[in-house]
Structures are given as structure tokens and as C-alpha cells.
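# Per-entry structural report
Each chain, written out:
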Amino acid sequence: MRAVRYHEHGGSEVLQVDEIDRPTPDDDEVLVEVAAAGINPVDTYFVSGSYEPFTLPMIPGVDAAGEAVEVGAAVEGVSEDDAVVATGLSKDHYGACAEYVAVPEDRIARLSEDVDLVAAGGAGVAAVTAWRALIDHAGLEPAETALIHGGSGGVGHAAVQVAAAAGARVVTTAAPEYHDRLHELGADAALDYARGDLRDAVTEASSGGPDVILDHRLDDYLQFDADVAAHDARIVGIGENDPAVGFTNDGVARGKDLTYQFMSMFNTPDLSEPLGRIAHLMGTGDLDIEVAPTYDLDEVATAHEDVMADSFLGKLVVTP
């Protein structure tokens, strides 16, 4: 089969397409014919060596969707010919930027037959991170208000939809060209993150302050989040940021009894559980992963460059 691999760490230039043997699944694995593999910033961290994969050469690609073509003897819940979605690959397991990938049972979930596999290929990291942050960590409840920073991003646009599906009022920040689509995806208010009165605008849109805040840039918004949050609000930090920058006035956070949670999707004990929730939302139409440009295997290096450089709504996806 054809697979993208890197034999040493570096930039996108170390990625190459190799011809290798198709994997044979272990008893607890499912062999997936890959229809689509999402491209995430974290993929570039593994390639650069900022995050260390278990071996080299390595196949990148944390996310996958496709068809189960072979199922290990111990696997339950997935059968041959099922449409599936997977995530959590390329760290301690070979990744998804290949024609086939063997996926452990605890990192895969079945999809409804009518779900678009290309869109599902971009769902994993984005949607599972959104679910874990808002539901598992923050405990977002119906009628609460959620503030989603960066609503046009991969995690951001998934989080808008997860929060809306949970029955929350959703306030998000994004560039103005994305506001209309974010309203369609479930945002009650979409605000330009560059506006000078953003604090006042968030407070007004959230009727006094959000109960839950999902933030991918705490180094920029740590104090902002404390200033706008409601009393007893829960703030979840994701992504590559440096909260050590600190508060300019941490008394605000103490005065409101705020809770800060830092998380990584890779710490999820059983990824198949939130993946199953995400698969359900995609099947009911409550979650629609926006697909920006798609790439073939020979263009994965370009996709790695684009995911770190370009502004776009949704996810970049490789279609082997």
C-alpha cells in the first residue's frame, strides 16, 4: 500500500510517500480502508519531534474515517463493511495518512451509513476535544452559556455545534467572514475577536458572563476569560499556549470562584466513548464537520504547511 512516512524529524520536507506492506490487524484491532484522514496542528508536532512518536519511520495522521475491511477476533461492536471513524493515532500507533490503517478497538466507533466519510475523516481530534472540554470536563448543561474562542477553527466550529446540541446558548469569536456560517452551525452570537470592545460585547451577548469558556489561546485570554466569566464559571484550556504568562489581576478569578482545566485529547481513557457520541451527532445531523481543501497522499506536506499558516473554516482532509 501507499503511505506517507517520515524517517527523521523535521519540517514538511521530511514527509515522503512510500510503498509498504498493508498492516495485519491484531486481535483487538480493526483494519480500515482509509477514505479520509484529518490534518491537525498536532500532526506537525509529531513530525517536528516536539511530540515524540513511539518509533521511526512513522506514518502521520491522528484522525481517520473509512470502511472496516478486517476485524480482529476480540473486537466487539464493529463488523466488516461498517463505516467507522477513528482518532488517537500516530503517537503510539501508526497513523492514518495511508491507504489502510489498523486501529485499536478503543479508538474507533461505527458511523451511520449516510455520514459523509470525508467529513468524518476530519472529525476526530476536533470533535472529541470539543466534547471532552465542554461535556466531560466543564459539565456544560442546557440553558447555560458557552463562550467558544476561535469558532472558525477545527475544534472551534465543532465546539459551537456540540454546545448547541447540549442546549446551551453559544457565543463565539471569529473573523467576520465566518459569522454567517457559524450562526448556521448553532452560534447565537458571533463576535469579531479584533473588536476593541470585545469584553463588553461578550458580557452583553452572554447576559452577564458565560458559564463555560473553551479557550485555545490562554496566553492571550487568561485575564480576559476571568474578566468576562460568570460566577462559578468553568474555563477549559486546550492547544499550544503558555498560561504561565499569568493574570494581571488574579483576584478577579478568586472572587468569582473560577475553575481552570487544562486538557489533552490524548489523555482520554477510552477514545471510543466520546467518538461514539460524536458519531451519533453526525448521524443525527447535529454535527457537520466543515471540509476546507482536500489533499491526496502526495500533497500531505503541503497540507502540513497549510494547517499552520492559513485561515479557513473547518478542517483540512487527506483523501488517499
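It should be noted that the structure appears before, not after, this text.
Here is a short report on the structure shown in this document. (Residues numbered from 1 in each chain as written. Predicted model: local features only at pLDDT ≥ 70, side-chain atom pairs only at ≥ 80, totals over all residues. Heavy atoms only, no water.)

### Some thoughts on the overall build of the chain
The helix and strand tally for the chain stands at 10 helices and 15 strands. Relative to the compact-globule value of 20 Å for 320 residues, the chain shows a C-alpha radius of gyration of 19 Å, a close match. Overall size of the chain, expressed as C-alpha extent along the three principal axes, is 60 × 40 × 35 Å. Considering the chain as a whole, with its 320 residues, one finds that 55% of them fall into the buried category. Partitioning the contacts of the chain with sequence separation of at least 6, the portion at a separation of at least 24 is 70%. Accessible surface, the chain as shown: approximately 13100 Å² in total, 42% of it carbon and sulfur. (Helix = DSSP H or I, 4+ residues; strand = E, 2+ residues; numbered from the N terminus. Rg over C-alpha atoms; globule rule 2.2 N^0.38 Å. Buried < 20%, exposed > 50% of the residue type's maximum accessible area, 1.4 Å probe, protein only. Contact = heavy atoms within 4.5 Å. Areas by Shrake-Rupley, 256 points an atom, 1.4 Å probe, with all protein chains shown as cover.)

### Focus: helix H3 (residues 124-137)
In an α-helix, one turn spans 3.6 residues, which is why side chains three or four residues apart end up on the same side. Buried residues dominate H3, accounting for 11 of its 14 residues. Of all the residues in H3, the buried ones are Gly-124, Val-125, Ala-126, Ala-127, Val-128, Thr-129, Ala-130, Trp-131, Arg-132, Ala-133 and Leu-134. Residue Gly-139 follows H3 closely and has a positive phi angle near 60°.

### Topic: the nonpolar core
For soluble globular proteins, nonpolar side chains are generally found buried alongside one another. Residues Leu-134, Leu-214 and Ile-278 are the most contacted members of the largest nonpolar core, which totals 86 residues. When residues no more than four places from it in sequence are discounted, the contact partners of Ile-278 are Ala-123, Ala-127, Val-128, Trp-131, Val-162 and Leu-287. (Core = buried A, V, L, I, M, F, W, Y, C linked by side-chain atoms within 4.5 Å.)

### Examining the packing of H3 against helix H4 (residues 154-165)
Axes are the key here: two packed helices are described by the angle between their axes and the distance separating the axes. It is at 8 Å that the axes of H3 and H4 come closest, and there the two elements cross at 50°. With respect to their mutual orientation, H3 and H4 come out oblique. Remark: the crossing between H3 and H4 carries right-handed chirality. Across from Val-125, Ala-126, Ala-127, Thr-129, Ala-130, Trp-131, Leu-134 and Ile-135 in H3, the residues of H4 making contact are Gly-154, Val-155, Ala-158, Ala-159, Val-162 and Ala-163. (Axes fitted to C-alpha atoms, helices over the stretch in contact; angles between N-to-C directions. Parallel < 35°, antiparallel > 145°, perpendicular 65-115°, else oblique. Left-handed = near helix turned anticlockwise from the far one by under 90°.)

### Overview of the sheet that holds strand S9 (residues 169-173)
Strand order in the open sheet made by the 6 strands is S10-S9-S8-S11-S12-S13, with parallel pairing throughout. Of all the strands in the sheet, just strand S10 (189-191) and strand S13 (259-262) have a single pairing partner and so form its edges. Along the sheet, successive strands turn relative to each other by an average axial angle of 15°, direction set aside. Running at roughly 155° to strand S11 (residues 212-215), H3 makes contact with strand S8 (145-148), S11, strand S12 (234-237) and S13 of the sheet. (Pairing = 2+ DSSP bridges.)

### Remarks on the pattern of salt bridges
Within the structure shown, the criterion is met by 17 salt bridges. Ionic pairing is found between Lys-315 and Asp-63, a salt bridge with its closest N-O pair at 3.7 Å. A residue pair is termed long-range when its members are at least 10 positions apart, and Lys-315 in strand S15 (residues 315-318) and Asp-63 in the loop between helix H1 (41-48) and strand S4 (64-71) qualify at 252 residues. Both residues of the pair, Lys-315 and Asp-63, count as buried. For the salt bridge of Arg-107 with Asp-106, the shortest nitrogen-to-oxygen distance reads 3.6 Å. A residue is classified by how much of its surface remains accessible, and Arg-107, at 14% relative accessible area, is buried. Asp-106 gets classed as partly exposed once you look at its relative accessible area, which sits at 34%. A network of salt bridges, in which partner residues are shared, links Arg-181, Glu-184, Asp-288 and Glu-290. (Salt bridge = Lys/Arg side-chain N within 4 Å of Asp/Glu carboxyl O.)

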